[in-house]
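Analysis of the macromolecular model
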Amino acid sequence: MNDETVPDTSATDPAADATRDIADVAAVEVITTAAVHLLSAAAVKVGLADDPESQIDLDEARKLINALAGLITAGAPEVSDMHARSLRDGLRSVQLAFREASQFPDAPGQGPGEKYTGPVN
């Protein structure tokens, strides 16, 4: 088989393009991007968005904050201190917002993500 008979699928195959694109992205970028998405979603769910009355959902926020805390705790040694520090600050902000939005706040150390971060106050 010569090269002329082998189809070049890279130009027409979005999966091949996406695979190549992901292969070019540094792990730090993937970790921080995932953390920012979790942080943004958690902020909306705790009522830090434009329309808190219709968007607040503390059950969903708890899940997102737990996942975010786990990712930040596990990923912090892999990303630079600058990235880890700002992610921790964002996490702390949504943890505090969660506590403020709760009618019955969790005991210190029992709030979302606090098993990874320790008590937040």
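Residues numbered from 1 in each chain as written. Predicted model: local features only at pLDDT ≥ 70, side-chain atom pairs only at ≥ 80, totals over all residues. Heavy atoms only, no water.

Looking at the overall build of the protein chain
Rules: A run of H or I in DSSP becomes a helix once it reaches four residues, and a run of E becomes a strand once it reaches two; helices and strands are each numbered from the N terminus. Note on classification: 1.4 Å probe, protein chains only; a residue is buried when its accessible area is under 20% of the maximum for its type, exposed when over 50%, partly exposed between these limits. The contact criterion used is simple: two residues touch if any of their non-hydrogen atoms lie within 4.5 Å. Values of accessible area rely on a 1.4 Å probe in the Shrake-Rupley scheme; residue burial ignores everything except the protein chains shown.
The helix and strand tally for the protein chain stands at six helices and zero strands. Considering the protein chain as a whole, with its 121 residues, one finds that 25% of them fall into the buried category. By sequence separation, contacts in the protein chain at least 24 residues apart represent 56% of the contacts at least 6 residues apart. Summing over all exposed atoms, the protein chain offers an accessible surface of approximately 7,900 Å²; the carbon and sulfur share of this is 55%.

A word on the environment of serine 86
We count it as follows: As used in this structure description, the phrase polar contact means that two N or O atoms lie within 3.5 Å; if the pair is within protein, one of them must be able to donate a hydrogen and the other to accept it, and residues adjacent in sequence are counted only when both atoms belong to side chains.
Tracing the backbone through its elements, the reader meets serine 86 in helix α5 (residues 81-101). Here the side chain of serine 86 touches methionine 82 through a polar contact of 3.2 Å, landing on its backbone oxygen.

Section: the pattern of salt bridges
Inclusion rule: Any Lys or Arg side-chain nitrogen found within 4 Å of a carboxyl oxygen on Asp or Glu counts as a salt bridge.
With the rule as written, the count across this model stands at five salt bridges. Its salt-bridge partner being arginine 62, residue aspartate 106 comes within 2.8 Å of it at the nearest N-O pair. On the criterion of sequence distance, the pair formed by aspartate 106 in the loop between α5 and α6 (114-117) and arginine 62 in helix α4 (residues 58-75) is long-range, its members being 44 residues apart. Judged by relative accessible area, which is 22%, aspartate 106 ranks as partly exposed. On the basis of relative accessibility, which here comes to 28%, the residue arginine 62 falls in the partly exposed class. The residue arginine 99 makes a salt bridge to glutamate 114 at a minimum N-O spacing of 2.8 Å. Within this pair, whereas arginine 99 is found in helix α5, its partner glutamate 114 is found in helix α6, the two being separated by 15 residues in sequence. Owing to a relative accessible area of 21%, arginine 99 belongs among the partly exposed residues under this scheme. Overall, glutamate 114 belongs to the buried group, its relative accessible area being 5%. Several salt bridges share partner residues, and in doing so they unite Asp59, Glu60 and Lys63 into one network.

A word on helix α2 (residues 27-45)
For the record, the criterion: In this analysis, the expected span of each helix is defined as 1.5 Å times one less than the number of residues it contains. Throughout, the arc means that of the directions going from the helix axis to the C-beta atoms.
With 19 residues, α2 extends 27 Å from end C-alpha to end C-alpha; this agrees with the ideal 27 Å at 1.5 Å per step. By the burial criterion, the buried members of α2 are Thr32, Ala35, Leu39, Ala42 and Ala43. Projected down its long axis, α2 carries its buried residues within an arc of 100 degrees, all on one side. Trailing α2 by a residue or two, glycine 47 shows a phi angle of about 95 degrees, which is positive.

What to know about the nonpolar core
Under the convention used in this document: As used here, the term nonpolar core means buried Ala, Val, Leu, Ile, Met, Phe, Trp, Tyr and Cys residues forming a set that is joined through side-chain atoms within 4.5 Å.
Counting 16 residues, the largest nonpolar core has Val46, Ile65, Leu68, Leu91 and Val94 as the members making the most contacts within it. With six residues, α4 is the single largest residue contributor to this core.

Overview of the packing of α2 against α4
For the record, the criterion: Only the stretch in contact is used when fitting a helix axis, every axis being a line fitted to C-alpha atoms; angles between N-to-C directions are given from 0 to 180 degrees. Oblique is the label for any angle not covered by the other classes, which are roughly parallel (under 35 degrees), roughly antiparallel (over 145) and roughly perpendicular (65 to 115). Each crossing gets its handedness from the near helix: less than a right angle anticlockwise from the far helix is left-handed, clockwise is right-handed. Residue classes follow a fixed rule: Ala, Val, Leu, Ile, Met, Phe, Trp, Tyr, Cys and Pro count as nonpolar, while Asp, Glu, Lys and Arg count as charged, and any other residue, Gly among them, counts as polar.
α4 packs onto α2 with a crossing angle of 155 degrees between their chain directions and a minimal axis gap of 8 Å. By the angle between their axes, α2 is roughly antiparallel relative to α4. Crossing geometry of α2 relative to α4 is assigned as left-handed. Residues Ile31, Ala34, Ala35, Leu38, Leu39, Ala41, Ala42 and Lys45 of α2 pack against Leu58, Glu60, Ala61, Leu64, Ile65, Ala67, Leu68 and Leu71 of α4. When the residues that make up the contact of α2 with α4 are grouped by side-chain class, the tally is 14 nonpolar, no polar and two charged.

On their own, these measurements won't tell you what the molecule is for.
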